[in-house]
Amino acid sequence: MPAVEIGRDSAIGGEGDADLSRFAYGQVTAKNIKVKDRKLRANMKRVDQRFKEAARAAKSTELLLQEEAGFLEAEGMEKTYKVTQEDLRKQVDVTTAQRGFELKLDHFGPYRLDYTRNGRKLLLGGRKGHVAAFDFREGSLDTELHLGETVRAVKYLHNDQFFAVAQKKYVYIYNKSGAEVHCLKKHIEVTDMEFLPYHFLLATIGNAGFLKYQDTSTGDAVCELRTRLGPSTAMAQNPYNAIIHLGHSNGTVSLWAPSVTTPLVKILTHKGPVRATAISRDGQYMATTGADSQLKIWDVRMYKEVHAYYTPTPASSLEISDRGLLAVGWGPHVTVWKDALRVKQKSPYMTHLSPASTINDLKFCPFEDLLGTGHDNGFSSLIIPGAGEPNFDALEANPYETLEQRREREVHGLLEKLKPEMIALEPNFIGSVDSRAPDERKKVLSLETTSETDARSKEHEAKLKPKTKMRGKNSALRRYIRKKSKNVIDERRVRVESALKIEKDMRQNNLRRKRGLPIQVRKLGPALSRFK
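The structure presented is a predicted model; accordingly, all values stated were derived computationally and were not measured. (Residues numbered from 1 in each chain as written. Predicted model: local features only at pLDDT ≥ 70, side-chain atom pairs only at ≥ 80, totals over all residues. Heavy atoms only, no water.)

A. Local environment of helix α7 (residues 491-515). Between its terminal C-alpha atoms α7 stretches 37 Å, which fits the 36 Å expected from 25 residues at 1.5 Å a residue. Those residues of α7 that sit buried are R493, V496, L500 and E503. Of the residues one or two after α7, G516 is the one with positive phi, at around 85°. (Helix = DSSP H or I, 4+ residues; strand = E, 2+ residues; numbered from the N terminus. Expected span 1.5 Å × (residues − 1). Buried < 20%, exposed > 50% of the residue type's maximum accessible area, 1.4 Å probe, protein only.)

B. Fine view of the environment of T218. Mapping T218 onto the fold places it in the loop between β14 (210-215) and β15 (221-226). Since its relative accessible area comes to 48%, T218 is described here as partly exposed. Separated by 18 residues in the primary sequence, T218 and F200 place their C-alpha atoms 9.1 Å from one another.

C. Broad picture of the sheet that holds strand β17 (residues 244-247). With antiparallel pairing, 4 strands are arranged side by side in an open sheet as β16-β17-β18-β19. On the outer flanks of this sheet lie β16 (234-237) and β19 (265-268), each paired with one strand and no other. This sheet shows a mean twist of 20° between the axes of neighbouring strands, independent of strand direction. Summarising the sheet, β16 and β17 pair through 4 bridges and their orientation is antiparallel. Across the sheet, A236 pairs through a bridge with H245, a residue of β17. (Pairing = 2+ DSSP bridges. Axes fitted to C-alpha atoms, helices over the stretch in contact; angles between N-to-C directions.)

D. Structural detail: the sheet that holds strand β26 (residues 333-337). Pairing in this open sheet of 4 strands is antiparallel, and the strands run β24-β25-β26-β27 from one edge to the other. One side of each edge strand has no neighbouring strand; the edge strands of this open sheet are β24 (317-320) and β27 (350-353). Put simply, the sheet's adjacent strands are angled 15° from each other on average, direction ignored. Both β26 and β27 contribute to a ladder of 4 bridges, which runs antiparallel.

E. Seen up close, the environment of S317. Among the structural elements, S317 can be located in strand β24. Separated by 14 residues in the primary sequence, S317 and G331 place their C-alpha atoms 9.8 Å from one another. With sequence-adjacent residues up to four places away left out, S317 is seen in contact with A276, A327, V328, G329, I359, N360, D361 and L362. (Contact = heavy atoms within 4.5 Å.)

F. Inspection of the pattern of salt bridges at higher detail. Applying the stated criterion to the full structure yields 18 salt bridges. With a closest N to O distance of 3.6 Å, K155 and D114 form a salt bridge. Highlighted residues: K155 in strand β8 (residues 153-156) and D114 in strand β4 (residues 111-115), separated in sequence by 41 residues. One network of salt bridges, with partners in common, ties together R112, D192, D361 and K363. (Salt bridge = Lys/Arg side-chain N within 4 Å of Asp/Glu carboxyl O.)

G. Local environment of the confidence of the model for the protein chain. For the protein chain, per-residue confidence averages 84 on the pLDDT scale, and residues scoring 70 or more make up 80% of the total. When the criterion is pLDDT under 50, residues 1-16 qualifies, and its contacts beyond four places in sequence or with other chains add up to 34 contacts. (pLDDT = per-residue confidence, 0-100.)

H. Structural detail: the side chain of S280. Summarising the element assignment, S280 is placed in the loop between β20 (274-279) and β21 (285-290). A polar contact of 2.6 Å, which involves the side chain of S280, links it to the side chain of D282. There is a polar contact of 3.4 Å between the side chain of S280 and the backbone nitrogen of Q284. Residue contacts for S280: discarding those within four places in its chain leaves P239, Y285, I320 and L341. (Polar contact = N/O pair within 3.5 Å; in protein donor to acceptor, adjacent residues only side chain to side chain.)

I. Molecular detail of unusual backbone geometry. Each neighbour pair has its own omega, and for G109 with P110 the value is 0°, a cis peptide bond. Among the structural elements, P110 can be located in the loop between β3 (102-104) and β4. A positive phi angle, close to 50°, is found at E189, a residue other than glycine. Residue placement: E189 occurs in the loop between β11 (180-184) and β12 (190-196). Even without a glycine there, the phi angle at D339 is positive, about 55°. With respect to the element layout, D339 can be found in the loop between β26 and β27. Of the residues examined, D339 reaches a relative accessible area of 47% and is grouped as partly exposed.

J. Geometry of the pairing of strand β29 (residues 370-375). Summarising burial for β29: 6 of the 6 residues are buried, a large majority. On β29, burial covers both faces: L370, G372 and G374 on one face and L371, T373 and H375 on the other are all buried. Looking at chain direction, strand β28 (residues 359-364) and β29 are connected through 5 bridges and run antiparallel. The residue of β29 that forms the bridge with I359 is H375. Between β28 and the antiparallel strand that follows it, β29, lie 5 residues; F367 among them carries a positive phi value of about 60°. Direction of pairing for β29 relative to strand β30 (residues 378-383): antiparallel, over a ladder of 6 bridges. In the sheet register, L371 faces β30, and the bridge partner there is L382. Two successive antiparallel strands, β29 and β30, enclose a turn made up of 2 residues.

Okay, here's the thing in structure tokens:
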């Protein structure tokens, strides 16, 4: 059958579809690929058609997305970073003004916080044991707990029905009403947590320096990775590929996946301990801050530093919004930078001061122009215009979902759950087709196999290289042979005798080589050697 080239007409980016590339939900893999197999060619055409139809549907629904992100715009000599929260509350609508509030909880701080994926619920955890989950839009409290022990981190799971609390020794799972559901006794002295929504994995790191993954849908422990770098000082998740970024006290940031026991990448980011790290929504940029009072922006695709900023005191927390705003918490100050990832800015976008307190945690609320800050005196919700994504995908995260929609989304999430082995630096490798010819692939595979075999043989020869000292009659191998009866043959005896014989031959060859004599080569094979 002659080779057929497909995908040229069906690929996104052809004539009439030049503007569909930014709406593509998947990567077209069948473009300009010569496929001889009829069944594979038909399947690839079908996949291309689905990608194109999804892109056209996304483009058609763009007419319904009327919301636009608005930022503060200064006139004349005005500066946007001089606008206070009180001034914003007077100018914005009543609903937005009500969402900019402050909770004074100075007896249980400092506080850690977390939002649900749809931005509807808020979870607070005080260092001294106070935990509260509530709907900040309606002002309704779901649960409030006084645990009476240290709380280091809090995290919502796949929805607002369950949340995890890293307490003094173990990690506990609570439901919406505050009842304890499960105790994760393998997660000891956890300091940071991240939840992978598409894999239903809870990743934790503790003082022991072990990164652990727990499947929250089945309750099984997926893996336990030893970082060998001591306690982690920072933790963040890459939303693009679900890779965990860990900051360490030696100034490095390591990237981890549950399928590999060693770090995928190690980046030396600071001269001192890493204090905080954050990754952008598209997974292209990473922001890190360290004890050297430096705030650095990194390109994750090339692992290179883009530019750096200076903070008066070492920053304690970082967060990047859906629209690319960078929030930095240092001391009692919160500084928000606009377009700070790609271009170095000279002045911040907005600033805020929490007097007589220290910023402990920052989180942007999804689909809202709000920034949650946890500090020593409680919690503050700051209005940051332009921070949230104005248009949401209801099939992905719906801020207005009903009970039936939540149940349906949970079932769909469990049915479409990804395996931990699918987490990689480049997630698009799944479903890709190798466009090389079969003979080229076999050639490359044979070369790789030959190189690996040569390397193993060299290592084996290096291990068998005899030592300079001679083995006497009282060597361990000879003592073992003497202890065994002559009429008893076991696997270890045969192995020992063969090792002694190989060592003896190699020693003799080395001696003949030094004297200039020819080396004895065994010409006959093992099957014909007995006829010598």
